[in-house]
Amino acid sequence: MHLSDQGIAVAAVRHQAQQPVLVACEFVAVPLAERPRALARLLDAEDLNGMRVSTVLNHGEFDLQMIEAPEVAEDELQAAVRWRIKDRLEFDINEAVLDVFTIPGQQERGRRPMVYVVAAHQDRVKQYIDELEEAGADLCCVDIPELAQRNLAVRLPEDARGVAMLSLGPDSGLLTLTREGAIYLARELDVGYRMLESSTATADGDSDLQLEADISPDQQRAFDTIVLEVQRSLDYFESHFGLPPIGHLALAPTPRPLPELLEYMSSNLGVQIKPLELGELVEAESLPDRNTRAETLLAIGAALREPGT
């Protein structure tokens, strides 16, 4: 489940031995003030009351940092990290909910290992817990977009050798580099799909945009920013981890198609780029429409978290 300023995204997944089954997927646009009542109605309508629920924080609601891993035993890692980042947060460390996830493949290169540290204010986390429990949900996990996106990437066959995934929200984007289910790099981009959409895009999502002729200077800068950030990330992966370079990038769906972005990236990056197809990740009697897929992507990623992880 993903609660945002835009509305409520709900996805339910039944885990099975082969491929997970998407049994519910819906997005409801609702003002923030009406969200508690709408959430309760939606859970009831989808028959999800009492089911174990994962939710996803929004960017700006948590702090994600990459720091040097303290040289301590694994069971002392969180305490050591808490001490190390206490002066880097905008709130008191005693009010933080904190988690750590390691980055594999570093010691082989002779570098000091790095870890990702996630910190959120306990009041923000409690707000989610209270809102969901009052609506009848059994909350089991509060996740972040980077890990929800990881849960999607791990289902792609390309993840075995490493895959990049780029998702674009209205005003920002998220790039993750994963291999064998582990995140090696996560980077937030200051570019969203609103900056990329053609002014001539039609209501059904078609675009008359011609790359060389019709894009505005702002669109060109947005394209260039994405390509630059992706290339820098791919170069970082190759130089820091001693692994074969990543050769594939999956572009997550946006409410409107962006064929011009796909074309531009294919022409300017030395990787194979393809749209992310939900049917590769889950089974479903019928897949949701494009807009619903875009709006529920993080909710689907949260639902794909394996039980017990």
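The structure this text deals with has already been given above.
Overview of the structure. Position numbers for residues start from 1 in each chain and track the written sequence from start to end. Since the coordinates come from a predicted model, pLDDT governs what is reported: local features require at least 70, and pairs of side-chain atoms require 80 or more to be given and counted, while whole-chain, interface and lining totals use all residues. The side-chain quantities take in all heavy atoms of the structure and omit both hydrogens and water.

## Focus on the overall build of the protein
To qualify as a helix, a DSSP run of H or I must reach at least 4 residues; to qualify as a strand, a run of E must reach at least 2; elements of each kind are numbered from the N terminus. Within the protein, the secondary structure is distributed over nine helices and 13 strands. Its C-alpha radius of gyration of 20 Å places the protein within 12% of the 19 Å reference for a compact globule of 309 residues. Expressed along its principal axes, the backbone C-alpha trace of the protein runs to roughly 55 × 55 × 40 Å. We call a residue buried when its accessible area falls under 20% of the maximum for its residue type, exposed when it is over 50%, and partly exposed in between, using a 1.4 Å probe and counting protein chains only. Per-residue burial for the protein yields a buried fraction of 49% across its 309 residues. Contacts were defined at the residue level, with two residues in contact if any of their heavy atoms lie within 4.5 Å. Long-range pairs, those at least 24 residues apart, make up 65% of the contacts in the protein with a sequence separation of at least 6. Total accessible area computed for the protein in this model is approximately 15,200 Å², and 45% of it derives from carbon and sulfur atoms. For the purpose of charge, His is not counted, nor are the chain termini; Lys and Arg are scored as positive and Asp and Glu as negative. Charge coordinates come from a single atom per side chain, which is NZ of Lys, CZ of Arg, CG of Asp or CD of Glu. Side chains of the protein give 27 positive and 53 negative charges; the mean places of these two sets differ by 4 Å. Here the globule rule is a power law, 2.2 Å times the number of residues to the power 0.38, and the radius of gyration is based on C-alpha atoms. Only the protein chains shown count as covering a residue, and every accessible area follows the Shrake-Rupley method with a 1.4 Å probe.

## Here we look at the environment of Ala 120
You can see Ala 120 is positioned in strand E7 (residues 114-121). For the pair Ala 120 and Asp 63, spaced 57 residues apart in sequence, the C-alpha to C-alpha distance is 6.2 Å. What Ala 120 contacts, discounting residues up to four positions off in sequence, is Leu 57, Glu 61, Phe 62, Phe 91, Glu 95, Ala 96, Val 97 and Val 125.

## Re the sheet that holds strand E9 (residues 163-168)
Strand pairing is assigned whenever DSSP detects at least two bridges linking the two strands. Pairing within the open sheet is mixed, and its five strands lie in the order E11-E10-E9-E12-E13. The strands lining the two open edges of the sheet, one partner per strand, are strand E11 (182-189) and strand E13 (272-275). Adjacent strand axes in the sheet meet at a mean angle of 20 degrees when their direction is disregarded. For E9 and strand E12 (residues 248-251), the ladder comprises three bridges, and the chain directions are parallel. For Leu 166, the partnering residue across the bridge sits in E12 and is Leu 251. Comment: axis = line fitted to C-alpha atoms, over the contacting stretch for helices; angle = value between 0 and 180 degrees taken between N-to-C directions. Strands E9, strand E10 (173-179) and E11 of the sheet are contacted by helix H4 (residues 145-153), whose axis makes an angle of about 50 degrees with E10. The strands touched by helix H6 (residues 217-241) are E9, E10, E11 and E12; relative to E11, the strand with the most contacts, the crossing angle is about 155 degrees.

## Concerning helix H1 (residues 35-45)
The α-helix winds at 3.6 residues per turn, so residues separated by three or four positions along the chain end up facing the same way. Of all the positions in H1, only Arg 35, Ala 38, Leu 39, Leu 42 and Leu 43 are classed as buried. Buried residues along H1 cover an arc of 130 degrees about the axis, so they all sit on one side. Facing away from the buried side of H1 by over 90 degrees, the exposed positions are Arg 37, Arg 41, Asp 44 and Ala 45. Elements in contact with the buried residues of H1: strand E1 (2-3), strand E2 (7-14), strand E3 (21-29) and helix H3 (122-134). In the segment just after H1, Asp 47 is the residue with positive phi, at about 60 degrees. Each C-beta atom gives one direction from the helix axis, and the arc is the one those directions make.

## Quick notes on the sheet that holds strand E5 (residues 63-68)
Ordered by their spatial adjacency, three strands build an open sheet running E5-E7-E6, and the pairing between neighbours is antiparallel. A single partner strand is all that each edge strand has here, and the edge strands are E5 and strand E6 (96-102). Across the sheet, the mean angle separating the axes of adjacent strands is 25 degrees when strand polarity is ignored. Judged from the seven bridges that link them, E6 and E7 form a sheet pairing that is antiparallel. Each bridged residue has a counterpart across the sheet, and for Leu 98 the counterpart in E7 is Ala 119. Seen against the sheet, H3 touches E6 and E7 and runs at an angle of roughly 70 degrees to E7.

## Let's talk about the pairing of E11
Two strands pair when backbone bridges link them, and E10 and E11 are joined in this way by seven bridges, in the antiparallel orientation. In the sheet register, Arg 179 faces E11, and the bridge partner there is Ala 182. From the end of E10 to the start of E11, which pair antiparallel, there are two residues, and Glu 180 there has a positive phi angle of about 50 degrees.

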